[in-house]
Amino acid sequence: MTGAPSFGIDRRGVSVVAWSCYLFLLLPSLIVIPISFGNPGEIQFPPRQFSLALYRQFFSDPAWWGSLLESLGVALATTIASLCLAVPAAYALSRSRLAGRALLRGLFMMPMLVPVVVLGLGLYLQYSDWGLLDTSAGLVLAHVTLAVPFIMVSVMSGLAHADVALETVALIMGASRLRIFFRVVLPQLSSAIAVGALFAFLTSLDEVVVAYFVTGTSTMTLPVKMYSAIRWELSPVIAAVSTLLTVVSLSIALGIIALQRPTEANS
Amino acid sequence: MLNARSQLSPAASTMVELAGVSKNYGPVNALLPVDLTIAKGEFVTLLGPSGSGKSTLLNLIAGMITPSAGRIVIDGRDATAMPTNKRGLGMVFQNYALMPHMTVFENIAFPLQVRHMSRAEIRERVEKVLDLIQLRHVADRRPKALSGGQQQRISLARCIVYNPALILMDEPLGALDKNLREQMQLEIKRLHAELGITMLYVTHDQDEALTMSDRIVLMNSGRIEQQGPPEQLYFEPTTVFAAQFIGSSNILVGDVMDQAGGTAIRTSVGTFPVRTAAHDFAAGQRAALLVRPENLRLVDEGTALPNIAGQIEDSIVMGGVIRHFVRCADKSVIIVQELNQPGLPRPQRGSLVRAGWSTAHGRLLPPAPSAEGTQG
Amino acid sequence: MAAPQMSSSSDLNPKAAALLLAPLTIVMLLVFVYPLLTTAWTSIHPDTGLSLAAYVELFHSTLFLKTLRTTFEISISGTLVSLLIGFPVAMHLTVQPPRRRTGYLILVMLPFWTSILVKSFALTVVFGNQGLVNQFLGLVSGGTLNIPMMFNRTGVIIGMINFLLPFMILSILGSLLAQDAMLIRAAETMGAGSFRIFWRIILPLSMPGVVAGVLINMTLSIGMYITPALLGGRQDMMVANLVDFYTRQTLDWTAASATAMVLFAISACLVAMLGRIRGAQGLSGAAA
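Just so we're clear, the structure is a prediction, and the values are computed from it rather than from any experiment.

What counts and what doesn't
Residues numbered from 1 in each chain as written. Chains lettered and ligands numbered in written order. Predicted model: local features only at pLDDT ≥ 70, side-chain atom pairs only at ≥ 80, totals over all residues. Heavy atoms only, no water. Helix = DSSP H or I, 4+ residues; strand = E, 2+ residues; numbered from the N terminus. Buried < 20%, exposed > 50% of the residue type's maximum accessible area, 1.4 Å probe, protein only. Contact = heavy atoms within 4.5 Å. Areas by Shrake-Rupley, 256 points an atom, 1.4 Å probe, with all protein chains shown as cover. Lys, Arg positive; Asp, Glu negative; His and termini not counted. Charge placed at Lys NZ, Arg CZ, Asp CG, Glu CD. Pairing = 2+ DSSP bridges. Right-handed = clockwise from strand over helix to strand, strands pointing away. Core = buried A, V, L, I, M, F, W, Y, C linked by side-chain atoms within 4.5 Å. 1 Å grid on protein atoms, 1.4 Å probe; cavity = no way out; pocket = protein on both sides within 12 Å on 5 of 7 lines; lining within 4 Å. Points joined across faces, edges and corners; volume = space filled by probe spheres on them. Nonpolar A, V, L, I, M, F, W, Y, C, P; charged D, E, K, R; others polar. Salt bridge = Lys/Arg side-chain N within 4 Å of Asp/Glu carboxyl O. Polar contact = N/O pair within 3.5 Å; in protein donor to acceptor, adjacent residues only side chain to side chain. pLDDT = per-residue confidence, 0-100. Expected span 1.5 Å × (residues − 1).

## Side note on the overall build of chain B
Looking only at helices and strands, chain B features nine helices and 21 strands. Overall, the C-alpha framework of chain B stretches about 80 × 50 × 40 Å when taken along its three principal axes. Burial statistics for chain B: of 376 residues in total, 52% are counted as buried. Long-range pairs, those at least 24 residues apart, make up 67% of the contacts in chain B with a sequence separation of at least 6. Put simply, chain B shows about 16,900 Å² of open surface, and 50% of that area lies on carbon and sulfur atoms. For chain B, the separation between the mean place of its 37 positive charges and that of its 35 negative charges on side chains is 5 Å.

What follows is the structure, given as structure tokens:
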């Protein structure tokens, strides 16, 4: 509908609303960046002086960079674990005729549909019984369930686009299923897996509610620390943390978008 | 081109044997019970229209489907329940099925790696087979960078390189244009002659089957209609379907009757003597007379040859031959194909003519299950 | 021609498939399903044994009822606002040439990737009492104008729509893009004016996307935790915050579980409705 009618409403009015919206959506994340380079004493925009003091503050406080390390570690472990679990499962779902496939697929997607706080509480109650509260392993497991739906969507889409004939011909040539999976299927899934991995990593890195319920002092993640800081302290170092997080998030997001482009061009 | 036909006893020289093999999907019969033998080194083509069961048969041999009944023996071993990757087969697909993420060399090397061969041996074999198809120079390219014909040759090379018992080919040339297709047909024939690998080819194109095969297995509605060397199927079809599927035909339906000195058939356009028949016919039986267009000639009024009277509806020049469409008294049309020569008088549209043939060229066939008096 | 038959036959055998699915299934059952069941179990096991007492108490609790009401108020108003803003934005995107549209869509989707904490913090910087907007207002009004937009209902709504808009926009955009430009042109030829075209053709045909967008927004906003906690006042506690309150403050795990279950039930209903709509869309071939 390019260049089509004006929808009965002033074209310019629509543009104004639209641009205000884009600005509204984008501006907040970007505004923290200049603030983080400002005076460490107060949160100010525009910053009156350029200084790296807030970053120094962040990196010299073990509570802060410790939580960053914890978050990165958990995110990495979550990504690896959920890939190892979800990729074979996606392959089995898409290439077999097992009864109950639809049910299993529903199960794997469910975490997207349940309010996070419900899961947070459930894990809190369950982990207390199992002694998994305040453990990195417990948090990784929890994040895996949240990351799996993303990987499923990406990899199942990749599998739908992969050529089944290649697996067939490899079978006829005598290859075992294992060899086929690693040498024929996975290479075709490389970008789908990469996208899923980036989603998983980002989901875990930014996740705050479940982490809030399930972590303790020794396993505090960056988002949980940020949450407390914003809620109770509101110290300007939060601006530096926000910038770091935003830069990481946006890089990952652009990576995902870049990886997804070629497939859109092909289909 | 010589055929590598073995003279040994059947058992030792049989590569594939199907006994009573059938496949049905619920009430739908994709393949009715079939017996088929393929000798070592033979080039057999499964020919037929879509839905004839030829692809089903191929897939059963490949192991992609399991039979509903029957036994499949490949290279002496009972393969009925054997998984696909243990059958020692090769297959060429219409869409080439080359791994896009591997180079040509890696694609061909793949089945050799599956067989745990040494790097040196793999290199040697791959290069040899690349020389065979004259594509050594593209070894390091990706399949996407090559033409359809090149990709198909590489697909074939990938089969040849590990010397499987049997190479299956499912309409492999369907995606290529006419000239390329004919080139590839000859190329495949050449490789077959040189290497002697047993080949099972599936196609719906009769010309392709006639060009390439040692033996054609003609299939129709899940059954084997007729099988034999190409010439046999062409000159000695046993059914109307076979006569119409391979080559052009004129079919005249009528009743068999005894005549002085032999058999004859009485049709709506005349009674004609017959000398060859697909099997014995009793007097009074319904039958179909096959006369191929190239065996018909426009003849004069007083000819001694059996002939049919009619009117020229159209005459089409096709380069070296000319086809006359003759409308007979019973409204059916027969096709007469004559060699075209410059200076030959062209009959006018509507002129009365007679199409005649020598008795030896007429063949009696059992009547087709449904239609009357068809020509194809 | 061979491919369709092939793909059905080169299936992974059931045993191998089960083997590949087992690890993930076990993890999901243990770490996702089981905790949910535990919550349900806890909610019906107050100190007095198996009973629905917790729920009864909940629905007699003014705190719960108030929180529930607040949640619906905020969700519905937030959804409406994002609908009012999102529809024009979707229209704007529809009339863009495809390549530019992709660029704009990236703009719309990027905030989806940034942490909600960062966004909440940034919103306080922009809309807070000493924030950018109020600074600007103070400047132009000579220091008299100052609108409190944070740490109150307005703040929650602002934070909410910042999060919800992309979903609403994408949903409506799908419907608008699927509309046949020919319909519009035909209407114009018949003499229909711009407003009539919008009211009688474009709007009704965009309904599937609007309804889906509304349901998605409601589903997402009902369970919100961070936004009301960081951007709202004491009067703006939502159900998710209540769960936290019961868990950490009053240590009343039964009440917390019951509250969580109520939230789960409401969310499940919305998801079911969404599924029904999506299914109907799929059948009629309309925009999805």
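Having seen it, we continue.
## Some points on the environment of Ile226 of chain C
Relative to the elements of secondary structure, Ile226 of chain C occurs in helix H12 (residues 226–231). A relative accessible area of 5% means that Ile226 of chain C is categorised as buried. Sequence separation of Ile226 of chain C and Leu203 of chain C is 23 residues, and the distance between their C-alpha atoms is 34 Å. The residues touching Ile226 of chain C, leaving out its near neighbours within four places in the chain, are Val208, Val209 and Tyr227 of chain A together with Ile116, Leu117, Ser120 and Leu231 of chain C.

## Points about the sheet that holds strand E1 (residues 14–25) of chain B
All names here are of chain B. Spatially, E2-E1-E4-E5 is the arrangement adopted by the four strands of the open sheet, whose pairing is antiparallel. Single-partner strands in this sheet number two, and they are strand E2 (28–39) and strand E5 (77–78). Pairing analysis gives eight bridges linking E1 to E2, with the strands arranged antiparallel. In the strand pairing of E2, Val16 is matched with Ile38.

## Comments concerning the environment of Val140 of chain A
All names here are of chain A. By the secondary structure assignment, Val140 is in helix H6 (residues 136–161). Overall, the relative accessible area of 14% leaves Val140 in the buried class. For the pair Val140 and Thr78, spaced 62 residues apart in sequence, the C-alpha to C-alpha distance is 5.3 Å. If sequence neighbours within four positions are ignored, Val140 has contacts with Val74, Ala77 and Thr78.

## Description of the pairing of strand E8 (residues 198–203) of chain B
Residue and element names in this part refer to chain B. Where burial is concerned, most of E8 is hidden: six out of the six residues are buried. Where burial is concerned, the two faces of E8 agree: the one with Thr198, Leu200 and Val202 and the one with Met199, Tyr201 and Thr203 are both buried. Taken together, the five bridges between strand E3 (residues 43–47) and E8 define a ladder with parallel strand orientation. Each residue of the ladder has a partner; that of Val44, found in E8, is Leu200. With five bridges connecting them, strand E7 (residues 166–170) and E8 associate as parallel partners. Residue pairing in the sheet places Leu168 in a bridge with Leu200 of E8. The parallel pair E7 and E8, bridged by helix H6 (residues 178–195), forms a crossover whose chirality is right-handed.

## As for the nonpolar core
Formed by 251 residues in total, the largest nonpolar core has its most connected members in Phe108 and Met152 of chain A. Leaving out residues up to four positions away in the same chain, Met152 of chain A has contacts with Ala86, Ala89, Ala90, Leu93, Phe108 and Met109 of chain A together with Leu24 of chain C. By size, the runner-up hydrophobic cluster in this structure holds 21 residues, among which are Ile265, Ala287, Ile308 and Trp357 of chain B.

## Digging into empty space enclosed by the protein
Residue and element names in this part refer to chain C. Summed over all chains, the structure comprises one cavity of 30 Å³ or more. Lining the largest cavity are Ile116, Lys119, Ser120, Leu123, Gly159, Asn162, Phe163, Thr227 and Leu231. The set of elements that each furnish at least two residues to the lining of the largest cavity consists of helix H6 (116–127), helix H8 (153–177) and H12. Counting residues per element, the lining of the largest cavity draws most heavily on H6, which supplies four residues. Looking at the lining of the largest cavity residue by residue, the class counts come to four nonpolar, four polar and one charged.

## A short note on the interface of chain A and chain C
Contact with chain A, which involves 89 residues of that partner, is made by 92 residues of chain C. Between the two partners, chain A and chain C, sit zero salt bridges. Between the two partners, chain A and chain C, sit eight residue pairs in polar contact (both at pLDDT 80 or more). At 16 residues, helix H1 (residues 11–36) of chain A tops the list of elements feeding residues into the side of chain A that touches chain C.

## Description of the confidence of the model for chain C
Residue and element names in this part refer to chain C. Summarising the model, chain C shows a mean pLDDT of 86, and 93% of its residues fall at 70 or more. Low pLDDT, under 50, characterises residues 1–8; the predicted model gives this stretch 16 contacts beyond four residues in sequence or across chains. Counting interchain partners and residues more than four positions distant, the pLDDT-below-50 stretch residues 283–288 has seven contacts. Taken over the whole predicted complex, pTM reads 0.82, whereas the ipTM for its chain interfaces reads 0.86.

## Thoughts on helix H10 (residues 194–205) of chain C
Owing to its 3.6 residues per turn, the α-helix brings residues three or four apart onto one side. Residues and elements named next belong to chain C. Relative to the 16 Å expected for 12 residues at 1.5 Å per residue, H10 spans 15 Å between its end C-alpha atoms, a close match to the ideal helical length. For H10, the set of buried residues is Ile197, Phe198, Ile201, Ile202 and Leu203. Packed against the buried residues of H10 are helix H4 (62–94), H8, helix H9 (181–189) and helix H11 (207–222).

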